[in-house]
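Each chain, written out:
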Amino acid sequence: MKIKYYGTGAGAGVPEIFCSCRVCEYARAHKGKDYRTRSQAVIDGVLGVDYSDVFQHTLHYGLDMRDIKHVLITHNHYDHFMSADIISRAVGMTEPIHFYFSEKSGAGLAKSVQARKEAFASGARKCNGNEVLVETHFLEKKEVYEIAGYTVIPLLARHNGDKLDAYIYIIQKDGKSILWAHDTGKFRTETKEYLKECGIRFDMVSLDCTLKRGDQITSGHMDVDWCLEMVELMREYGNVDDKTRIFLSHIGHLVERTHDELAAEVAPLGMEVAYDGLEVEI
Ligand SMILES: [Zn+2]
Ligand SMILES: [Zn+2]
Ligand SMILES: [Zn+2]
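What counts and what doesn't
Residues numbered from 1 in each chain as written. Chains lettered and ligands numbered in written order. Predicted model: local features only at pLDDT ≥ 70, side-chain atom pairs only at ≥ 80, totals over all residues. Heavy atoms only, no water. Pairing = 2+ DSSP bridges. Helix = DSSP H or I, 4+ residues; strand = E, 2+ residues; numbered from the N terminus. Axes fitted to C-alpha atoms, helices over the stretch in contact; angles between N-to-C directions. Contact = heavy atoms within 4.5 Å. Core = buried A, V, L, I, M, F, W, Y, C linked by side-chain atoms within 4.5 Å. Buried < 20%, exposed > 50% of the residue type's maximum accessible area, 1.4 Å probe, protein only. Donors = N, O, S within 2.8 Å, 3.2 Å for Na, K, Ca; no water. Tetrahedral: all angles 85-135°; square planar, octahedral: opposite > 155°, others 65-115°.

A. Inspection of the sheet that holds strand 10 (residues 176–181) at higher detail. One open sheet accounts for seven strands, arranged 7-8-9-10-11-12-13; its pairing is mixed. A strand with exactly one partner marks an edge of an open sheet, and here the two such strands are strand 7 (145–147) and strand 13 (271–273). Adjacent strand axes in the sheet meet at a mean angle of 25 degrees when their direction is disregarded. Examined bridge by bridge, strand 9 (residues 167–173) and strand 10 share five bridges and lie antiparallel to one another. By the bridge assignment for strand 10, Ile171 is matched with Ile178. Those strands touched by helix 5 (residues 189–198) are strand 8 (150–156) and strand 9, and its axis lies near 145 degrees from that of strand 8. Relative to the sheet, helix 7 (residues 259–266) contacts strand 12 (245–249) and strand 13, its axis offset from that of strand 13 by approximately 175 degrees.

Rendered as structure tokens:
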């Protein structure tokens, strides 16, 4: 599998628009790996994971959404799912695009799509194309799905209480397995139990690293130490071994590290730092 990170920033991206902190100023001056847009990734050019800052990714990283018909959404915070970029920009589609969420995260899109379809059908709305070729699918946690040739298992994240039922995803194909874990704090008990019992070894793990190391101001995201704790836990369960590539992503200025500083800090811990445009082959 080839995993391309398009957006590796936390909610506001880096630099934050109005911020003058050292990390944001460094990003403005150096661009490159220190610019971080909001969350989006694509596997093998066909399976999307999250859908934010899609226009920027189209402009700057050669993203071509016309090739991508299936998109897993972790949850509907705007830095993971920018709904306006599908609802009002669906013109020109020739076949449906499928979005997959928990029911709580996907209900809003399903409702908007339905309303638009009805408006076109009744003739109340005529501009911006004739049809909304968007399909929404609600996934149940711990169920196993076949989506676009991949095996997908959603697990409950620790994020935003129970309001959104945010998911982390196990994604498998051709004997390779990924754990995609943004946004989440330390894994919930039921998710840990699943990982312990499932017997899956991951070739790649991508973890949420939003917070400054040692300053865990919310339980719904992680810092380097909590990421390390989750890696060690998964090592104990047999999900992770020395060949597993561990990436940190969903990185904001709160981390108080430039890309190179963070990469140098976590390399001895066996972890790598994602950046916008990074492609990983496993
Ligand atoms: Zn986020
Ligand atoms: Zn800043
Ligand atoms: Zn979130």
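B. A look at the nonpolar core. One finds Ile170, Leu179, Phe187, Leu207 and Leu248 to be the most contacted residues of the largest nonpolar core, which totals 34 residues. Once residues within four sequence positions are removed from consideration, Leu248 is found in contact with Leu207, Cys209, Val224, Cys227, Val266, Met271, Glu272, Val273 and Ala274.

C. Up close: the coordination of the zinc ion (ligand 2). Cys19 (SG), Cys21 (SG), Cys24 (SG) and His253 (ND1) make up the full set of protein donors to the zinc ion (ligand 2), lying at 2.0 to 2.3 Å. For the zinc ion (ligand 2), the four donor atoms in the first shell make angles of 102 to 118 degrees at the metal, so the coordination geometry reads as tetrahedral.

D. Examining the sheet that holds strand 4 (residues 70–72) more closely. Across the sheet, seven strands lie side by side as 6-5-4-3-2-1-14; this open sheet has mixed pairing. Only two strands of the sheet have a single partner each, and these edge strands are strand 6 (134–138) and strand 14 (279–281). Taken over all neighbouring pairs, the strand axes of this sheet differ in orientation by 20 degrees on average, direction set aside. Packing against the sheet, helix 2 (residues 54–61) makes contact with strand 1 (2–7) and strand 2 (40–43), and its axis sits at approximately 110 degrees to strand 1.

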